[in-house]
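# Commentary on secondary and tertiary structure
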Amino acid sequence: MYTEKVMDHFSAPRNVGEIENADGIGEVGNAQCGDIMKIYLKIEDEVIKDVKFKTFGCGAAIATSSIATEMIMGKTVEEALKLTNKAVVEALEGLPPQKLHCSVLAEEAVKAAIEDYQKKKLNK
Ligand code: FES
């Protein structure tokens, strides 16, 4: 039911953890399944220098957050904002239909972390 790519990111997730003094933190949840995803960003000159995540959720949520962190690492904030759940699913070579919402969570968590960064920047 899951692709090898999903299983790989689920069993060996990349960039797990927290970033101290993160420049942006995004936390989102899905009310229906109760899963929660949190993304931390370190940003310098509008470039994502580091990204970590913590996901309390299903295997697909762990795999989507893991690959999403890889997809935005080293990217500019503007590029990272363009990350879609569709791109996340493609990078994982597919997800079962009932697990597509897990990839939406990854897109939302990245966007929420960037919004948090932009808000903090305005208040500096
Ligand atoms: Fe809800 Fe995966 S089952 S995020």
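Residues numbered from 1 in each chain as written. Predicted model: local features only at pLDDT ≥ 70, side-chain atom pairs only at ≥ 80, totals over all residues. Heavy atoms only, no water.

### Remarks on the packing of helix α2 (residues 59-72) against helix α5 (residues 100-122)
- Viewed as axis vectors pointing N to C, α2 and α5 meet at an angle of 40 degrees, and their least axial separation amounts to 8 Å. With respect to α5, the axis of α2 lies oblique. Viewed along their axes, α2 and α5 form a crossing whose handedness is right-handed. In this structure, α2 contributes A60, A61, T64, S65, A68 and I72 to the contact, and α5 contributes C102, S103, A106 and V110.
- Counted by class, the contact of α2 with α5 contains seven nonpolar, three polar and no charged residues. (Axes fitted to C-alpha atoms, helices over the stretch in contact; angles between N-to-C directions. Helix = DSSP H or I, 4+ residues; strand = E, 2+ residues; numbered from the N terminus. Parallel < 35°, antiparallel > 145°, perpendicular 65-115°, else oblique. Left-handed = near helix turned anticlockwise from the far one by under 90°. Contact = heavy atoms within 4.5 Å. Nonpolar A, V, L, I, M, F, W, Y, C, P; charged D, E, K, R; others polar.)

### Quick word on the pairing of strand β3 (residues 47-56)
- For strand β2 (residues 36-44) and β3, the ladder comprises nine bridges, and the chain directions are antiparallel. Considered in β3, the bridge of K38 is made with K54.
- Hairpin connection from β2 to β3: two residues lie between these consecutive antiparallel strands, with D45 at a positive phi of about 50 degrees. (Pairing = 2+ DSSP bridges.)

### Some points on the sheet that holds β2
- As summarised here, the arrangement of the three strands in space is β1-β2-β3, forming an open sheet in which the pairing is antiparallel. Both edges of this open sheet fall to β1 (24-29) and β3, since each of them pairs with a single strand only. If you compare each strand with its neighbour and ignore which way they point, the axes differ by 15 degrees on average.
- Where β1 and β2 come together, six bridges link them in antiparallel fashion. Residue pairing for β2: G24 is matched across the bridge by L41.
- On top of the sheet, α2 reaches β2 and β3; it is set at about 175 degrees to β3, its chief contact.

### Describing the nonpolar core
- In this structure, M37, I39, L41, I48, I72 and V110 are the most contacted members of the largest nonpolar core, which totals 33 residues.
- Ranked by the residues each element gives to this core, the list is headed by α5, at nine residues.
- Beyond its immediate stretch of four places on either side in the chain, I72 contacts L41, I48, V51, A80, L83 and V110. (Core = buried A, V, L, I, M, F, W, Y, C linked by side-chain atoms within 4.5 Å. Buried < 20%, exposed > 50% of the residue type's maximum accessible area, 1.4 Å probe, protein only.)

### What about the pattern of salt bridges?
- This model, assessed by the stated rule, comprises ten salt bridges.
- Residue E18 pairs with K54 through a salt bridge whose shortest N-O separation is 2.4 Å. Of this pair, E18 sits in the loop between α1 (4-11) and β1 while K54 sits in strand β3, and the two are 36 residues apart along the sequence.
- Its relative accessible area of 45% is what places E18 among the partly exposed residues.
- In this structure, K42 and D23 form a salt bridge, with 3.7 Å as the shortest nitrogen-oxygen distance. One end of the pair, K42, is in strand β2; the other, D23, is in the loop between α1 and β1, and 19 residues separate them in sequence.
- Given the relative accessible area of 26%, K42 is considered partly exposed.
- Taking the relative accessible area as the measure of exposure, D23 reaches 17% and is therefore buried.
- Beyond isolated ion pairs, a larger network of salt bridges with shared partners links D8, R14 and E70. (Salt bridge = Lys/Arg side-chain N within 4 Å of Asp/Glu carboxyl O.)

The values reported here are purely geometric and, on their own, carry no functional implication.
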